[in-house]
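Each chain, letter by letter, is given below.
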Amino acid sequence: MKQLKVDAIKNGTVIDHIQAGKGLIIADFLKTGRGNVMMIGMNLQSKSFGKKDIIKIENKTLTSIEMSSIALISPKATITKIKDFKIEGKKKVELQNEIESLIICPNPKCITNMDEVNSVFYVTQDENNVVRCKYCEKKYSVDEIKIRI
Amino acid sequence: MKNLISMRDLSKEEILYFMEIARKIENGEINPDMNRKVAALMFYEPSTRTHFSFATAMKKMSGQTITMRGSVNSSVSKGETFADTLQTIAQYADIIVIRTAVEGSARYASEIVDVPVVNAGDGANQHPTQALLDLYSIIKTQGTLENLTIGVAGDLKFGRTVHSLVQAMSDFNPKFKFISPSFLKMPSYIKDDLKEKNIEFEELEEIDKKIDELDILYVTRVQKERFADLEDYEKAKGSYTLKKSMLDNVKDNFKVMHPLPRVGEIQTDVDDTKYAYYFPQAKNGVFMRQAIISILLGGLDETIES
Ligand SMILES: [Zn+2]
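The rules behind these values
Residues numbered from 1 in each chain as written. Chains lettered and ligands numbered in written order. Predicted model: local features only at pLDDT ≥ 70, side-chain atom pairs only at ≥ 80, totals over all residues. Heavy atoms only, no water. Helix = DSSP H or I, 4+ residues; strand = E, 2+ residues; numbered from the N terminus. Rg over C-alpha atoms; globule rule 2.2 N^0.38 Å. Buried < 20%, exposed > 50% of the residue type's maximum accessible area, 1.4 Å probe, protein only. Contact = heavy atoms within 4.5 Å. Areas by Shrake-Rupley, 256 points an atom, 1.4 Å probe, with all protein chains shown as cover. Lys, Arg positive; Asp, Glu negative; His and termini not counted. Charge placed at Lys NZ, Arg CZ, Asp CG, Glu CD. Donors = N, O, S within 2.8 Å, 3.2 Å for Na, K, Ca; no water. Tetrahedral: all angles 85-135°; square planar, octahedral: opposite > 155°, others 65-115°. Expected span 1.5 Å × (residues − 1). Phe/Tyr/Trp six-rings, centres within 6.5 Å; stacked < 30°, edge-to-face > 60°. Domains from an automatic or database assignment. Buried area = accessible area lost by both parts, 1.4 Å probe. Salt bridge = Lys/Arg side-chain N within 4 Å of Asp/Glu carboxyl O. Polar contact = N/O pair within 3.5 Å; in protein donor to acceptor, adjacent residues only side chain to side chain. Nonpolar A, V, L, I, M, F, W, Y, C, P; charged D, E, K, R; others polar. Axes fitted to C-alpha atoms, helices over the stretch in contact; angles between N-to-C directions. Parallel < 35°, antiparallel > 145°, perpendicular 65-115°, else oblique. Left-handed = near helix turned anticlockwise from the far one by under 90°.

*Asks:* A description of the overall build of chain B should follow, citing residues and the corresponding values.
*Replies:* Helix and strand counts for chain B come out as 10 helices and 9 strands. Compactness check: chain B gives a C-alpha radius of gyration of 19 Å against a globular reference of 19 Å for 306 residues, within 12% of the reference. Dimensions of chain B, computed from C-alpha atoms along their principal axes, come out at roughly 55 × 45 × 40 Å. Out of the 306 residues belonging to chain B, those deemed buried represent 56%. When contacts within chain B are restricted to residue pairs at least 6 apart in sequence, long-range pairs at least 24 apart make up 73% of them. Only carbon and sulfur atoms are counted for the fraction: they give 46% of the accessible area of chain B, which is about 13,200 Å². Each charge class in chain B was averaged separately, 38 positive and 45 negative side chains, and the resulting centres sit 3 Å apart.

Below, the structure is given as structure tokens:
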């Protein structure tokens, strides 16, 4: 079976195994409109994942906040650093149990939206992609939240 | 335990400990002494009843209170001001009791100050002292918190009191009957939690339908403003108003509770039946708040031993 190839990059980062459909969301908040070349592959076939999205960004190393955000949006994504066309490091994104500052609480009555209070969200272990605000205690699915970049 | 912010923070054992201390205070077995202690009652949102209850609790233990009231328009949303106000009041008071409309403000306060913080209601989020006094009223009248059938009637969609109650009772294997107009049903996130914990519940629209199966009927207010028009309100009113005639076949241990104030959900002819428990419930609130303050301020262990 023929595989669609996304062009290899010389230096940069490959975000692979993104849940199909989430690639654009991740691309959007990475905001590489700053000139970095970005390639997005969507709905690619993957042996273990069924369909997946993939993002390649030239000349960019992800910050830990960016990696947490990716984990939040697509927990099974992998990050590969590329240097001179070679794989320099590969790792799975990891979701911390506690996410600080990154998420904007969707509850308008929450103190994190009224005061200079940093948001803190807990990742609930039992459910996939559900977070709970430490302050107003409301639960939200990852699709409902906005990420502060 | 340093603060009381949310029922979510409490284990079953801790809940039962609060019950135990409230009972001992009520019986006179222990008599916590708050002489020369000051509780700051910060009420950014008016609540005469809750304020009175805390003030009474403190006074019954020979303690003092200072009160700060925000006007209806003042909020805690003035950036530095809220944190600074808290820090300042913490210099005067041994414990801070706070009520606001802003959700999460009590948790935030507890992170800022060194003295214990009690959440006396933060918007639609939590009202743990009410939940604990409700549980205390249930255990007093039923002898247990376990395996009870509890009807919850009224505005189940917006009622934080009923949310806290349902959450707090969930550790004790209850069965729930949720009684409300269709558009004020229990929110799905609460029902999902119950399903996860395999707790049985049923949704009804008439208050008397299953009343004979209940150990407790917890009635709350339904505000007129929730209805699209007054006609709907008048129509719905009849189906959740408790009348004496509905109590003919209730269980012997059956009790009616209400956080008060009521606006007609319980007709006054219920008051002189042995099932009415809403006024004693308010009294229990004072014992429970005495227990909460003395547990958080410490020194109880010696009191218990002596
Ligand atoms: Zn929040």
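*Asks:* I'd like a description of the coordination of the zinc ion, backed by residues and values.
*Replies:* For a metal bound by four donors in a tetrahedral arrangement, the ideal donor-metal-donor angle is 109.5 degrees, while six donors in an octahedral arrangement ideally sit at 90 or 180 degrees. Residues and elements named next belong to chain A. Distances from the zinc ion to its protein donors, namely Cys105 (SG), Cys110 (SG), Cys133 (SG) and Cys136 (SG), fall within the range 2.3 to 2.4 Å. Coordination at the zinc ion comes from 4 donor atoms whose angles at the metal span 101 to 118°, giving a geometry best classed as tetrahedral. Sequence spacing among the residues donating to the zinc ion works out to C-x4-C-x22-C-x2-C. When its relative accessible area of 0% is taken as the criterion, Cys110 is described as buried.

*Asks:* Talk me through helix H5 (residues 128-142) of chain B; I want residue IDs and the actual numbers.
*Replies:* Counted at 1.5 Å a residue, the expected span for H5 of chain B with its 15 residues is 21 Å, and the 21 Å between its end C-alpha atoms agrees. Gly143 of chain B, located one to two residues past H5 of chain B, shows a positive phi value of around 80°.

*Asks:* Quick rundown of the packing of aromatic side chains? Include the residues and the values.
*Replies:* Both the distance between ring centres and the angle between the ring planes are used here to describe each pair of aromatic rings. All names here are of chain B. One pass over the structure, following the stated rule, counts 6 aromatic pairs over all chains. Ring centres of Phe178 and Phe201 lie 5.7 Å apart, and the angle between their planes is 35°; on these two criteria the pair is classed as tilted. Of the two residues, Phe178 is situated in strand S6 (residues 175-179) and Phe201 in strand S7 (residues 200-204); the sequence distance between them amounts to 23 residues. With 5.8 Å between their ring centres and 55° between their planes, Phe254 and Tyr275 make a pair best called tilted. Here Phe254, found in the loop between helix H8 (230-240) and strand S9 (255-257), pairs with Tyr275, found in the loop between S9 and helix H9 (278-297); they are 21 residues apart in sequence, far enough to count as distant.

*Asks:* Could you give an account of the domain arrangement of chain B, naming the residues involved and the relevant values?
*Replies:* Interfaces are frequently sized by the accessible area removed from exposure as the parts join. Residue and element names in this part refer to chain B. Looking at chain B, the domain boundaries give domain 1 (7-123 + 285-301) and domain 2 (128-282). Each of domain 1 and domain 2 was reduced to a C-alpha centroid, and the two centroids are 26 Å apart. Facing the 26 residues of domain 1 at the interface are 22 residues of domain 2. Taken together, both faces of the contact between domain 1 and domain 2 bury some 2,000 Å²; the carbon and sulfur share is 61%. By the criterion of area lost to domain 2, the three top residues of domain 1 are Met7, Lys12 and Met19, representing 32% of everything that side buries. On inspection of domain 1 and its partner domain 2, the count reaches 2 salt bridges. Run the count over domain 1 and domain 2 and you get 10 residue pairs in polar contact (both at pLDDT 80 or more). Mapped onto the side of domain 1 that touches domain 2, the elements with two or more residues apiece are helix H1 (12-27), helix H2 (48-60), strand S4 (117-122) and H9. If one sorts the elements of the side of domain 1 that touches domain 2 by residue count, H1 sits on top with 8 residues. When its residues are assigned to classes, the side of domain 1 that touches domain 2 shows 13 nonpolar, 4 polar and 9 charged.

*Asks:* Can you explain the interface of chain B and chain A? Please cite residues and give values.
*Replies:* Counting residues at the interface gives 19 residues for chain B, matched by 16 residues for chain A. Interface area, chain B with chain A, both sides summed: about 1,500 Å², of which 44% is carbon and sulfur. Broken down residue by residue, the surface that chain B buries against chain A is led by Arg8, Glu103 and Tyr108 of chain B, which jointly contribute 35%. Put simply, Arg107 of chain B and Glu137 of chain A hold a salt bridge, and the shortest N to O gap is 3.3 Å. At the surface where chain B touches chain A, the tally comes to 13 residue pairs in polar contact (both at pLDDT 80 or more). Those elements that provide at least two residues to the side of chain B that touches chain A are helix H3 (80-92), helix H4 (105-112) and helix H7 (188-196) of chain B. At 4 residues, H4 of chain B tops the list of elements feeding residues into the side of chain B that touches chain A. The residue makeup of the side of chain B that touches chain A, split by class, is 4 nonpolar, 7 polar and 8 charged.

*Asks:* Account for the packing of H1 of chain B against H5 of chain B, with residues named and values stated.
*Replies:* Residues and elements named next belong to chain B. Two elements in contact, H1 and H5, have axes separated by 10 Å at closest approach and are oriented at 70°. It follows that H1 is roughly perpendicular to H5 by the angle criterion. Relative to H5, H1 is oriented so that their crossing is right-handed. Residues Ile15, Leu16, Phe18, Met19, Ala22, Arg23 and Glu26 of H1 lie in contact with H5, whose contacting residues are Leu132, Leu135, Tyr136, Ile139 and Lys140. Split into classes, the residues belonging to the contact of H1 with H5 amount to 9 nonpolar, no polar and 3 charged.

*Asks:* Go over the pattern of salt bridges, please, and point to the residues and values.
*Replies:* Pairing is possible between side chains of opposite charge, provided their charged atoms come close. Residues and elements named next belong to chain B. Applying the stated rule across the entire model yields 22 salt bridges over all chains. Of the charged contacts, one joins Lys274 and Asp252 as a salt bridge, the two residues approaching to 2.5 Å between their closest N and O atoms. Placement of Lys274 in the loop between S9 and H9 and of Asp252 in the loop between H8 and S9 is noted, with a sequence separation of 22 residues between them. With a relative accessible area of 46%, Lys274 lands in the partly exposed category.

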